[in-house]
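Understanding the architecture of this molecule
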Amino acid sequence: MSDVHKYPLSGITVLDLSHVYNGPYATFLMAMAGAEVIKIEPFEGEHLRSRGDMGGAALPFAMLNSNKKPVTLNLKKDKGRELLLEMVKRADILVENFAPGVMDRLGLGADVLHEVNPRLIYGSSSGYGKEGPYRDYPAMDLVMQAMCGVIECTGYPDQPPVKAGAALCDFMAGIHLYGAIMTALYERERTGKGRTVEVSMQEATYASLASNLGMFHARGPAAPSRTGNRHGGLGISPYNVYPTTDGYVVLNAPGDHHFRSILDVMGRPDLKDDPRFVTRSSRVANFADVDTLLESWTTTLSKQEVADLMLAAKVPCAPVRGLSEVMNDENMHARGSLQWIDHPDIGRVALPHSPLVFEDTPRLPIEPSLPLGAKNDEIFGNWLGHSPEELQAFRSSGVIS
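What comes next concerns the included structure.

**Things to note about the layout of surface pockets**
- Of the voids in this model, the largest pocket is the one considered here, and its volume is about 1000 Å³.
- Looking at the largest pocket, it is lined by 45 residues, and the ones nearest its centre are His19, Val20, His47, Asn97 and Phe98.
- Sorting the residues of the lining of the largest pocket by element identifies strand E2 (36–41), strand E5 (121–126) and helix H7 (141–148) as the ones contributing at least two each.
- Here the element with the most residues in the lining of the largest pocket is H7; it accounts for three residues.
- Residue classes in the lining of the largest pocket are distributed as 23 nonpolar, 12 polar and 10 charged.

See the structure below:
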């Protein structure tokens, strides 16, 4: 590794008790910024590991757990809790996304941990937050999409609502959790004191509905719940998915000059003075005519041909790509934000690096995710200083695996 001190979070130790997507994404960002992230799991592994027997979970786990050091720890045992407190004394950050109250019931709530280490940043995330009438409601991404309005806003107005394909609420929360923890870490640099920070999935998702909320504010009950592939606020036209000879392409014209460029590319400059198309407002009022015009042209070309022509004219446009195309994206691979890795468990895969780029600092090499408890001896032995005999006693008594 090149000079480790170039990485912004080098020297920072993170205890990661989180699971699935939300918390692990926040700690993944920390790991790829140079922090030492110790992933603390129960003997059966965190929930995402245990989904592997159903298929499809191995790659997501590998994506979110690169460069972490996995250990097992039974927090229901007195000695397990003692070991966690030993770790907390040496750590800078602890992250969990259990249901509210779980850590308190274990005797490991934020107040207890701050008594042990007043400099600790305690980061917590849950569906609805630790206070409020929804506090104890169970939450996963699908549920949160429903409660946050994402599902109601997704799909066509004459059809039932559908969920977003991506796990939006989980990752929205993970990004905000990272931001909250980094903000608290900056505060600690000035005050010397840690604090507890909290992010709810519900609150982290709300702002993403800005276009839909804007339309509802302006139109009230007359606002459609769903707009298909058109702009969520019905404020831009064209803004849609258009068919081509081999798939689909998206096109939008946020400014009038963009639409004039579209007409030039289509060979229809004669329509620049058509009152239906002159301004954004007139195009929005004539959505159907705009879409019919574009479809008559896009259906004669491939999706890449349409994209190439539009992009050359500086018009926002992209082919609708499949997962294989996305996974092999030349831009992300050229930038190093996607990298092909020979993973010891799942073979050759494209793994993401952090989207956070620190200029003049090379990307930290990706270290593949490790098996459950792979770093038990290193962390409990070398780091905490317990002898081989003690480690064996911990194993025999069911404290570590």
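**What to know about helix H4 (residues 78–90)**
- Between its first and last C-alpha, H4 extends 19 Å over 13 residues, near the 18 Å set by a 1.5 Å rise per residue.
- Where H4 is concerned, the buried positions are Gly80, Arg81, Leu83, Leu84, Met87 and Val88. Down the axis of H4, the sector holding all buried residues measures 160°, keeping them to one side. Looking at H4, the residues exposed on the side facing more than 90 degrees away from the buried face are Asp78 and Lys89.
- If you follow the buried residues of H4, they end up packed against strand E1 (13–16), E2, strand E4 (93–96), helix H6 (110–116), helix H17 (376–383) and helix H18 (388–396).

**Focus: helix H13 (residues 287–298)**
- Here H13 is 12 residues long and its end C-alpha atoms lie 16 Å apart, about the 16 Å a rise of 1.5 Å per residue gives.
- Buried within H13 we find Phe287, Val290, Asp291, Leu293, Leu294, Trp297 and Thr298. Projection of H13 onto a plane perpendicular to its axis shows the buried side chains occupying an angular sector of 160°, all on one side.
- On the buried face of H13, the contacting elements are strand E7 (239–244), strand E8 (247–252), helix H11 (256–266), helix H12 (280–285) and helix H14 (303–312).

**Points about the state of the cysteines**
- Under the defined criterion, the tally for this structure stands at zero disulfides.
- No disulfide involves Cys169; its nearest neighbouring cysteine sulfur is the one of Cys148, lying 4.4 Å away.

**Here's the deal with the side chain of Lys303**
- Mapped onto the elements of the fold, Lys303 is located in helix H14.
- Taking the relative accessible area as the measure of exposure, Lys303 reaches 13% and is therefore buried.
- One polar contact links Lys303 to Glu325, side chain to side chain, over a distance of 3.5 Å.
- For Lys303, the residues in contact, after removing those within four places along its chain, are Thr244, Asp246, Tyr248, Val249, Pro319, Val320, Arg321 and Glu325.

**A look at the environment of Val326**
- Here Val326 is to be found in helix H15 (residues 323–327).
- For Val326, a relative accessible area of 35% corresponds to the partly exposed category.
- Along the primary structure Val326 and Ser18 are separated by 308 residues, whereas in three dimensions their C-alpha atoms are 28 Å apart.
- Residues within four places of Val326 in sequence aside, it is in contact with Arg321 and Leu338.

**Brief notes about the packing of aromatic side chains**
- On inspection of all chains with the given rule, the structure shows seven aromatic pairs.
- When the ring of Tyr25 is compared with that of Phe28, the centres are 6.0 Å apart and the planes differ by 25°; the resulting orientation is stacked. Pair noted here: Tyr25 and Phe28 are both in helix H1 (residues 22–32), with a separation of three residues, about one helical turn.

**Describing the pattern of salt bridges**
- Throughout the structure, instances matching the rule amount to 22 salt bridges.
- Between Asp329 and Arg321 there is a salt bridge, with the nearest N and O atoms lying 2.9 Å from each other.
- Residue Arg321 is classed as partly exposed on the basis of its relative accessible area of 37%.
- Residue Asp342 is joined to Arg348 by a salt bridge in which the shortest nitrogen-to-oxygen separation is 3.3 Å. One exposure class covers both Asp342 and Arg348, and it is exposed.
- Here the salt bridges do not stand alone but share partners, grouping Glu36, Lys69, Lys375 and Glu378 into one network.

Conventions we followed
Per chain, residue numbering runs from 1 following the sequence as it is written. Whole-chain, interface and lining totals are the exception, using all residues; otherwise, since this is a predicted model, local features are given only for residues with pLDDT of at least 70 and side-chain atom pairs are given and counted only at 80 or more. Water and hydrogen atoms were dropped before computing side-chain values, which therefore reflect all heavy atoms in the structure. The definitions used throughout rest on a 1 Å grid laid over the protein atoms alone, on which a cavity is an enclosed set of points accommodating a 1.4 Å probe that cannot get out and a pocket is an open set flanked by protein within 12 Å on both sides along at least five of seven lines; lining residues are those having an atom within 4 Å of a point. Grid points are joined across faces, edges and corners, and a volume is the space filled by probe spheres set on the points. In this text, helices come from DSSP runs of H or I with a minimum length of four residues, and strands from runs of E with a minimum of two, each type numbered from the N-terminal end. For this classification, the nonpolar set comprises Ala, Val, Leu, Ile, Met, Phe, Trp, Tyr, Cys and Pro, the charged set comprises Asp, Glu, Lys and Arg, and every other residue, Gly included, is treated as polar. Working rule for helices: expected span equals 1.5 Å times residues minus one. Note on exposure labels: buried denotes an accessible area under 20% of the residue type's maximum, exposed denotes more than 50%, and partly exposed covers the range between, all computed with a 1.4 Å probe on protein chains only. It is the directions from the helix axis to the C-beta atoms that the arc portrays. Contacts were defined at the residue level, with two residues in contact if any of their heavy atoms lie within 4.5 Å. The disulfide criterion used throughout: a pair of cysteine sulfur atoms within 2.5 Å. Pairs of N or O atoms within 3.5 Å make up the polar contacts considered here, provided that, within protein, one atom can donate a hydrogen while the other can accept it, and that residues adjacent in sequence are counted only when both atoms are side-chain atoms. The criterion for an aromatic pair is that two Phe, Tyr or Trp rings (for Trp, the six-membered ring) have centres within 6.5 Å, with stacked assigned to planes under 30 degrees apart, edge-to-face to planes over 60 apart and tilted to the rest. Salt bridges are identified by distance alone: a Lys or Arg side-chain nitrogen within 4 Å of an Asp or Glu carboxyl oxygen.

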